[in-house]
Amino acid sequence: MHKSCTILLLVIALTACGRREPLVSTERLTVIQDSSTLPPPNRADLTAADRPALIGPLDTIQVDVFNIPDLGREVQVDASGRIAMPLAGTVDASGKTAHELAQAIEQALRVRYVRNPEVTVNIKSSVSQVVTVDGQVVEPGLYPVTNQMTLMRTIASAKGLTEFARQDDVVILRTVEGQKMAGLYNIGAIRRGAYADPPIYANDVIVVGDSPQRRLFRDIVSLAPLLASPLIAILR
């Protein structure tokens, strides 16, 4: 009798352990009832907010002039940020978008008596639109920046974190209106959905864990450990 009761209690316990408690909505989580798959994204979900791609020194661009094929050519921006075009002469390209440079070339052609020029400019390759990744990543270095670039995607481009990387200690260094700023982020918190994956822009420097760049930020890190949100500071 005692043995039978023991077996019965064991079966009940195993059944209880195998049964999952249903998920319920909380302040941070909304449960979609009777759904076992993620819905597909719509078109708006698949596009990122526009971030202007600026032309810089040594970038390669394609310039075409409608109805004047002889003026079309692939051009590399020189070290001073300029290009030379037949009839248009020397045009400043650095710091302009492709559309702004096309307008500048059109204006230069009008001065040379080209009637109603229509110019298109495309950036073929860019060495100026890059982000620097340093610290505890597998392949530190320079990586090209695109419209879709975020912190997580940049770290993935650097082949991910090293085995003992401090994922709660990731710094983005950025210059805004001539002022150096830094943001402290937690990769683990981003993966958990605690806050959004921040966008990355050209000339950003990302530092994972300890490095000479990261030590500039050590005082802020020691005063305010990252919990639920990023920490943004001005570096002086």
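Structural data are supplied above this passage.
Residues numbered from 1 in each chain as written. Predicted model: local features only at pLDDT ≥ 70, side-chain atom pairs only at ≥ 80, totals over all residues. Heavy atoms only, no water.

So, the overall build of the protein chain: which residues are in play, and what are the values?
When helices and strands are tallied, the protein chain shows six helices and eleven strands. In the protein chain, buried positions account for 32% of the 236 residues. Put simply, 56% of the contacts in the protein chain that link residues at least 6 apart link residues at least 24 apart. Looking at the protein chain as shown, the accessible area adds up to about 15,900 Å², and 56% of this sits on carbon and sulfur atoms. (Helix = DSSP H or I, 4+ residues; strand = E, 2+ residues; numbered from the N terminus. Buried < 20%, exposed > 50% of the residue type's maximum accessible area, 1.4 Å probe, protein only. Contact = heavy atoms within 4.5 Å. Areas by Shrake-Rupley, 256 points an atom, 1.4 Å probe, with all protein chains shown as cover.)

Residues and numbers for the pairing of strand E4 (residues 89-92), please.
For a regular strand, side-chain orientation follows a simple rule: the groups alternate between the two sheet faces. Relative to E4, strand E3 (residues 82-85) runs antiparallel, the two being bridged by four bridges. Its bridge partner being in E4, Arg-82 is matched across the sheet by Asp-92. Connecting the antiparallel pair E3 and E4 is a turn made up of three residues, with Leu-87 showing a positive phi of about 70 degrees. (Pairing = 2+ DSSP bridges.)

Break down the sheet that holds strand E5 (residues 119-125) for me, with residues and values.
Here we have three strands laid out as an open sheet, ordered E2-E1-E5, and antiparallel in their pairing. The sheet is open, and its two borders are formed by strand E2 (73-76) and E5, each paired with just one other strand. In this sheet, adjacent strand axes meet at a mean angle of 30 degrees when their direction is disregarded. Sheet topology places strand E1 (residues 60-65) next to E2; four bridges connect them, and they run antiparallel. (Axes fitted to C-alpha atoms, helices over the stretch in contact; angles between N-to-C directions.)

Tell me about the packing of aromatic side chains, and please be specific about residues and values.
For the structure shown, the criterion picks out one aromatic pair. Pairing Tyr-185 with Tyr-195 gives two aromatic rings, centres 6.4 Å apart and planes at 55 degrees, and the pair type is tilted. With Tyr-185 in strand E9 (residues 179-185) and Tyr-195 in the loop between helix H4 (187-191) and strand E10 (205-208), this residue pair connects regions lying ten residues apart in the sequence. (Phe/Tyr/Trp six-rings, centres within 6.5 Å; stacked < 30°, edge-to-face > 60°.)

Residue-level account of the nonpolar core, with values.
Ranked by internal contacts, the top residues of the largest apolar core, which has 21 residues, are Ile-61, Ile-83, Leu-101, Ile-105, Leu-109, Val-119 and Val-121. Breaking this core down by element, the ones donating at least two residues are E1, E3, helix H2 (98-111) and E5. Looking at this core element by element, the count peaks at six residues for H2. Ignoring anything within four residues of it in the chain, the contact list for Leu-109 reads Val-65, Leu-71, Pro-86, Leu-87, Ala-88, Val-114, Pro-117 and Val-119. By size, the runner-up hydrophobic cluster in this structure holds 20 residues, among which are Val-137, Met-149, Ile-172 and Tyr-195. (Core = buried A, V, L, I, M, F, W, Y, C linked by side-chain atoms within 4.5 Å.)

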